[in-house]
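Structural overview for review
Listed below are the residues making up each chain.
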Amino acid sequence: YKLSVSPEMDIMEYCRKEWRGNTPAAKRMRKGYEAVAQKFASIRRIRGDNYCAFRATLFQALSQATQLPRWLQSEDFTMLPENLLSKYDWIKQWQLRQKPGKRMGEIRDEIKEYLILLRKKWKNISEIKDPLEKQEACDKLFKNEEEEYSLYEALKFLMLNTAIELYNADKSGKRVPVFSWLLFARDTSSNPSQLMHNHLNHIGHSGGLEQVEMFLLAYALQYTIQVYRLYKYSTDEFITLYPNDPEEDWPVVTLITEDDRHYNIPVRMCQETML
């Protein structure tokens, strides 16, 4: 059985193990890891399937959660599947994990269950005061494959909902973030229906999240996702924020990537950084 989130390991030890050679790429990676090690002491490896961006982001968000986000508290949060399916017939083609070709009622009920699970887990973990206990609860959740993948389905559906909101806002002349234009400027996702068919339905199966979809995930969660992109070390894209103009009150989670495809997480902020 593959662990979803491996135990922590010293960041520089990990780097020395992974990047031994003297190629320019290895040197750059080592420099990148050294920079991350100024802020964080350890790294936890994230299981490398096509869900790793979800896994890394959600694990970080839950490990530091102290309250339920506002959008998770709203009354109509669990009514999302019903509301969207009543307006957009094409959502019937939503691909549930390992269960293609479900009927509309089943899709609605199943996604509703996933959203309820997300709210319940977030609430339970955010109420744990002791940091060690909180960490144990997160580790336990990410060892339960059934629940873990259900949460990713919930995140995907929230991304679809956010995409529909942004698309409609743009069409009615409201201001939308720049990434939203980029999202719908792609040949494969010129509207939310195409985004679902060609992208969201494939996440976790045949592909992970593309860069522009990292923005969408950040907006759906109302979190700033800060990523150390190690191969961009010594450029101004080394630390990238999704979104790049975040709201002041959005919490921040930090991830590490060597190639914009796979994500790991840095843990244990160094003392002086915290002060």
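Quick caveat: nothing in here was measured; it's all calculated off a predicted structure.

What counts as what
Residues numbered from 1 in each chain as written. Predicted model: local features only at pLDDT ≥ 70, side-chain atom pairs only at ≥ 80, totals over all residues. Heavy atoms only, no water. Helix = DSSP H or I, 4+ residues; strand = E, 2+ residues; numbered from the N terminus. Buried < 20%, exposed > 50% of the residue type's maximum accessible area, 1.4 Å probe, protein only. Contact = heavy atoms within 4.5 Å. Lys, Arg positive; Asp, Glu negative; His and termini not counted. Charge placed at Lys NZ, Arg CZ, Asp CG, Glu CD. 1 Å grid on protein atoms, 1.4 Å probe; cavity = no way out; pocket = protein on both sides within 12 Å on 5 of 7 lines; lining within 4 Å. Points joined across faces, edges and corners; volume = space filled by probe spheres on them. Phe/Tyr/Trp six-rings, centres within 6.5 Å; stacked < 30°, edge-to-face > 60°. UniProt positions renumbered as here; feature names shortened; annotations may be inferred. Axes fitted to C-alpha atoms, helices over the stretch in contact; angles between N-to-C directions. Parallel < 35°, antiparallel > 145°, perpendicular 65-115°, else oblique. Nonpolar A, V, L, I, M, F, W, Y, C, P; charged D, E, K, R; others polar.

1. Section: the overall build of the chain
- Scanning the chain for helices and strands turns up twelve helices and six strands.
- The principal-axis extent of the C-alpha atoms belonging to the chain is close to 55 × 40 × 35 Å.
- Within the chain, the proportion of its 275 residues that are buried is 49%.
- When contacts within the chain are restricted to residue pairs at least 6 apart in sequence, long-range pairs at least 24 apart make up 73% of them.
- The positive charge centre, built from 39 side chains, and the negative charge centre, built from 39, are 3 Å apart in the chain.

2. Quick look at the layout of surface pockets
- What the largest pocket holds in volume is close to 820 Å³.
- Around the largest pocket, the lining comprises 28 residues; the ones closest to its centre are Ser63, Gln135, Val267, Arg268 and Met269.
- The set of elements that each furnish at least two residues to the lining of the largest pocket consists of β2 (40–44), α3 (52–63), α7 (131–141), β3 (224–229), β5 (252–257), β6 (263–269) and α12 (271–274).

3. Describing the environment of Met196
- Locating Met196 in the fold gives a position in helix α10 (residues 192–198).
- In this structure, the C-alpha to C-alpha distance between Met196 and Gln211, residues 15 residues apart in sequence, is 16 Å.
- With near-sequence residues (within four places) excluded, Met196 lies in contact with Trp90, Ile91, Gln93, Trp94, Leu160 and Asn201.

4. Let's talk about the packing of aromatic side chains
- Evaluation of the coordinates by the stated rule reveals 19 aromatic pairs.
- Centroid distance Trp71 to Trp122: 5.9 Å. Interplanar angle 85°. Geometry classified as edge-to-face. Here the residue Trp71 occupies a position in helix α4 (residues 70–73), and Trp122 occupies one in helix α6 (residues 104–126), the gap between them amounting to 51 residues. Neither Trp71 nor Trp122 differs from the other in exposure class; each is buried.
- An aromatic cluster is present here, built from Phe179, Phe215, Tyr219, Tyr242 and Trp250 joined pairwise through their rings.

5. With respect to the environment of Trp181
- When you line up the elements, Trp181 lands in helix α9 (residues 178–185).
- With 14 residues separating them in the primary sequence, Trp181 and Leu195 have C-alpha atoms 13 Å apart.
- In this structure Trp181 touches Asp170 and Val176, once residues within four positions along its chain are discounted.

6. As for the UniProt feature "active site" (unreviewed entry) in the chain
- Per the UniProt annotation, the sites labelled "active site" (unreviewed entry) are Asp49, Cys52 and His262. Over a stretch of 214 residues, the named residues converge on one spot in the fold, their C-alpha atoms separated by at most 8.4 Å.
- Note that Cys52 resides in helix α3.
- Classification of Cys52 as buried rests on a relative accessible area of 4%.
- What Cys52 contacts, discounting residues up to four positions off in sequence, is Ile46, Arg47, Arg261, His262 and Tyr263.
- Tracing the chain through its elements places His262 in the loop between β5 and β6.
- Taking relative accessible area as the criterion, His262 reaches 24% and is therefore assigned partly exposed.

7. A look at the packing of α3 against helix α8 (residues 145–171)
- Direction vectors running N to C along α3 and α8 enclose 95°, while the axes themselves pass 10 Å from each other. Of the possible angle classes, the one that applies to α3 and α8 is roughly perpendicular. Taken together, the residues of α8 that come into contact with α3 (itself represented by Phe54, Arg55 and Leu58) are Glu148, Tyr149, Leu151, Tyr152, Leu155, Lys156 and Met159.
- Looking at side-chain class alone, the contact of α3 with α8 contains seven nonpolar, no polar and three charged residues.

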